[in-house]
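Observations on chain architecture
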Amino acid sequence: MDAKTAASVLQAPIQSLIDFCKKEFSQIRGLNKEAAKLAASLDTIQKFLNDAEARTIPGDAVKSWLKKLEDVAFDSDNVLDELNYHLLSKQIEHTEMTMMEKVLSCCSSSFNSIARTRNMALKIKEINENLESINKEATDLGLVGRLADQPALDIATLETNSYTHDPIFIGRDDVVKEIVEKLTKSITTDERVSIISIVGMGGLGKTTLTRKVFNRMKDENRFGSHIWVHVSSNFDALTLFKKILKELTRDQVEGESQQEILSKLKEALKDKTYLLILDDVWNEDLSKWEDFKNSLLGVSCVKGNAIVVTTRKMAVASIVNPLHTHELKGLSKEDCWSIIRAKTFGEGNVPSDFEAIGKNIARRCQGLPLAANVAGGVLRNKPEEKWRSIEEKWLSPDEGGDNITKILRLSFDNLSLPSLKKCFAYCAMFPKGSKIMKRELIEFWMAEGFLQADGRDDMESVGEKFINLLLHNSLLQVSERDYYGNVKSCGMHDLVHDLACSVSSSSNCGNSRDRYMTLGEHNCGDKSSPISKEMAKSLRTLLISIDGESSDINFSDFESLHVLRLQGYGVKELPSSIQKLIHLRDFDISKTEIEVFSDWIGEFFHLQTLRVDSSDFRIRRKLPSTIKYLINLRHLYINERVELPMGIGRLTSLQTLNCFPVGDENGCKIEELGSLNNLKGELRICNLERVHDKEEAGKANLFKKSKILKLLLEWDEDREGERNDEDVLKGLQPHSDLRKLKIDGFNGKRFPSWTQKMAVRDSPRGSWVVLNKLMSLTLWDCDECEEIPTLGQLPNLKSLELNGLRNVKCINSSFYGMVNKDTRIVFPALEELILSRMPKLAEWAEIEISDGSEVKLFPRLQHLEIKWCKQLMSVPSHVSSCLEDLEIHKIGVECLPADWLLSNSETLSKLYISWCPNLREISDRWGEEESEGRSFTITSLPIFPRLTNVDIQGVPKLSVETVAAMWRLQIGGLRIEEIGVECLPADWLLSNSETLSHLGINYRWNLREISDRWGEEE
């Protein structure tokens, strides 16, 4: 890590210490002088760091100075944190005491306080002496105090141009074609200028791709003028206009005003259209962009111009308001190998041994053309041993690895906040290829003190912003999204991970003073810690997996730990040495077999996050009563197998309580939720049978908790005694911002008004507000319920599951809601519909339309599943026109509407019909009388281009005509079992010979032959 980078990374902890001193300790008697002195010393250090970051100072002296500073900074943090711990301890002790105890303890606590204050004062004095020495050394090194708000230096990037020849261009031809087509279309539009942005991380080949597009458009003479400008970090309108003018006139442009430049630019463009490439843009200032664009629009009134912006940052792409944004993805492993092969062997043959090694090297490039080109250049004319060396160890700095890191590093240098740089560097702790859970990462950052709340955002919200900034700068990549499209987990490109290592002190990078470490079973050992006592002392994050007992690890050696994740299903007892970790803020033992917790857990007064939710159903845990003292706890992850103590409602800082099992005793009842007004995300409330009535349920104050987006309400299905579910559910009305709702085990005959209408009151006597943000609804095992709520007008409902409503006989027109001239679309957003385990359901009614006008029903439905509805004889004639999956299992219908297939012929990919003993046909006379309708079954079906699997089994009455229609489907796979046909047409197999990949015919089926005289008389 060079001095400039080290300085930028150290900015965050130093600033935190300054704030800490000024806010917390300047008012403590006996410490105020030393605290003020410490704050002043740190402030001076901060200014020296600004200078070290802003300029390059030769030699190793600055690096040594920064290392000393880092050590003192973390020592200072520990001392101040320890003092804060004792203050919290005193605060909690005082709160719990009776008045008599407070009087009796006054003298003894005063003596203890004086002794502790004196001890702390000595420690701070020692730190101040060390800082004075460090400040003096900084002055000797030539560092000067510099204010942080001075403008940063420009990012030094290599100037690009449109003339460089790219002899190897692989894997992007389709992208070039797509962008060329969009630019060509822009010429004929009425828009004065159309903008296309190309976004991607460094090294993905944005410039090379854009150069191909530019030169193709130039060769085809599509625009009157073709202009290439390399922008970089200095987005200055006058400078850009000078570059554009120079490209147009080839004249040197010097020292003229913007008015003069624009006048000449207008003359140069005249009535010609232009294609302008703005390569490598970093500007996120909207006003600067609008000033540039508006001036350009004033220069030329011609329609059909185009601008292409290339950038690493999604925020840049957003502010230019593009017609189209292309997010450039990595190349395939095969394309990377093609680049390496072309660089090393040209058109010649590749020896098989080299090819196997080369493909592994290509995999390490992870889609970056830059890496593949550099690797190929290094490997040219090298022996097999060199290839194997690069396969195992990758490229050394002098072989080009440093050049790759420098290009990627520009994204790091562009991060504006020191704390954001520190957050990125922290990610080096995770092994390459790791899936990093977003919430967990934010909680780790929070525990390390990298996230500071401001007037608008709490720490978690700042963490969300930081995640998005790292994603937008291509320093993190999305690995997984949840059902609602939110980022759930992230990953890091291997070469970006190398960059993180170069700016970090992570153990994964082999540095001596490690502060953040991940240890797996393979490098941990069973009986003793693999970490030296000296190393353990400096560690602040430890993620450790243990194969066996953990009792032999002395966790008290890890005296600075802020984050501890202990994993290993051989770990059955909580090591007592963990009690000494007073700085702990994030503690995760979810993946252990620990079931019993000591009372000293309640002494972790700094603790912010506690994870004890095990996925192992055998493990049952009980938290101690001292949990109530964790006044800084913000996130408590448990499940229904964790028994909460009394008084959880005292933890008013809680934001996450993903499960709350209702208890019978005072202090464990549902009213404990009432005071937890900061809860957000998901809340699951179990054992609701223990709630007596609406009034008691209302004490949870769910309708006030606007940040709870997912709500699961559960009654125990095995309960006994009186059932008052309807009354209880009335009192559990949520806030109108709810996104997901599941009601499980409700045994009322009718849902209360808010559930029936899917609308809630905005105050106890206020007006009804529809749950317009609801995206997912599940009604599960509501055995006694006779009616289904009105749901058709919910604008954002994407998933609906009705499962185990055993008493429902009819899905009637009220299910769809009121249909009139204002509501012509019913279930406008629904993508998934599941009807299951409804044994009395006989009819699923058509929608009723009073004025006879056209209404769209389920316009976006993709997945329809109907199972275990044995009495269901009537279904709607139309359900969707974009269905992808249709699954029907154990229902009573005799005829399926042909429209279920015909309207979805272009989209249907899976058809599953099983164990429907009455099903005879798929008919287009659905709902008509025999005498009036066309009394024939479908004997031919259109081509289903996406249908790859058809599974039909247990349908013994299926007609010969319907089976005959199946042979025209041209599908990839078919399974047939126990249907009422004894002969299959030979032509069925012949016509599917090119598409059919598997055919399953069960031995229990009475098939006699496959014949080419299908349909003929004997």
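A short tour of the structure in this document, coming up. (Residues numbered from 1 in each chain as written. Predicted model: local features only at pLDDT ≥ 70, side-chain atom pairs only at ≥ 80, totals over all residues. Heavy atoms only, no water.)

Glancing now at the sheet that holds strand β9 (residues 516-519). What the 7 strands build is an open sheet, ordered β9-β10-β11-β12-β13-β15-β17; its pairing is parallel. Two strands lie at the open edges of the sheet, namely β9 and β17 (656-657), each paired on one side alone. The pairing of strand β11 (residues 563-567) with strand β12 (residues 586-588) spans 3 bridges and is parallel. When the bridges of β12 are listed, Arg565 appears paired with Asp588. (Pairing = 2+ DSSP bridges. Helix = DSSP H or I, 4+ residues; strand = E, 2+ residues; numbered from the N terminus.)

To continue, consider the pairing of strand β24 (residues 776-780). Most of β24 sits inside the fold, with 4 of its 5 residues counted as buried. In this sheet, β24 lies alongside strand β21 (residues 740-744) in parallel orientation, the contact comprising 5 bridges. The partner of Ile743 across the bridge, within β24, is Leu779. Bridge count between β24 and strand β25 (residues 799-803): 5 bridges; the pairing is parallel. Paired with Trp780 across the bridge in β25 is Asn803. (Buried < 20%, exposed > 50% of the residue type's maximum accessible area, 1.4 Å probe, protein only.)

For the rest of this paragraph, the subject is the environment of Cys501. Mapped onto the secondary structure, Cys501 falls in helix α19 (residues 494-502). Taking C-alpha positions, Cys501 is 9.8 Å from Phe424, a pair spaced 77 residues apart along the chain.

For Arg211, the position within the fold is in helix α6 (residues 206-219). Take Arg211: its relative accessible area is 7%, and that puts it in the buried class. Engagement of the side chain of Arg211 in a polar contact is seen with the backbone oxygen of Thr164, the distance being 3.4 Å. Discounting chain neighbours no more than four positions away, the residues touching Arg211 are Asn161, Ser162, Tyr163, Thr164, Asp166 and Trp228. (Polar contact = N/O pair within 3.5 Å; in protein donor to acceptor, adjacent residues only side chain to side chain. Contact = heavy atoms within 4.5 Å.)

Below, the discussion takes up helix α7 (residues 237-249). Here α7 contains 13 residues, and its C-alpha end-to-end distance of 18 Å stays within 8% of the 18 Å for a straight helix at 1.5 Å per residue. Three or more residues of α7 are buried, namely Ala237, Leu240, Phe241, Ile244 and Leu245. One side of α7 holds all its buried residues, which, seen down the axis, span an arc of 135°. Among the structural elements, β2 (225-232), α8 (258-269), β3 (274-281) and α9 (286-299) are those in contact with the buried residues of α7. Following α7 by one or two positions, Arg250 adopts a phi angle in the positive range, close to 65°. (Expected span 1.5 Å × (residues − 1). Arc of directions from axis to C-beta.)

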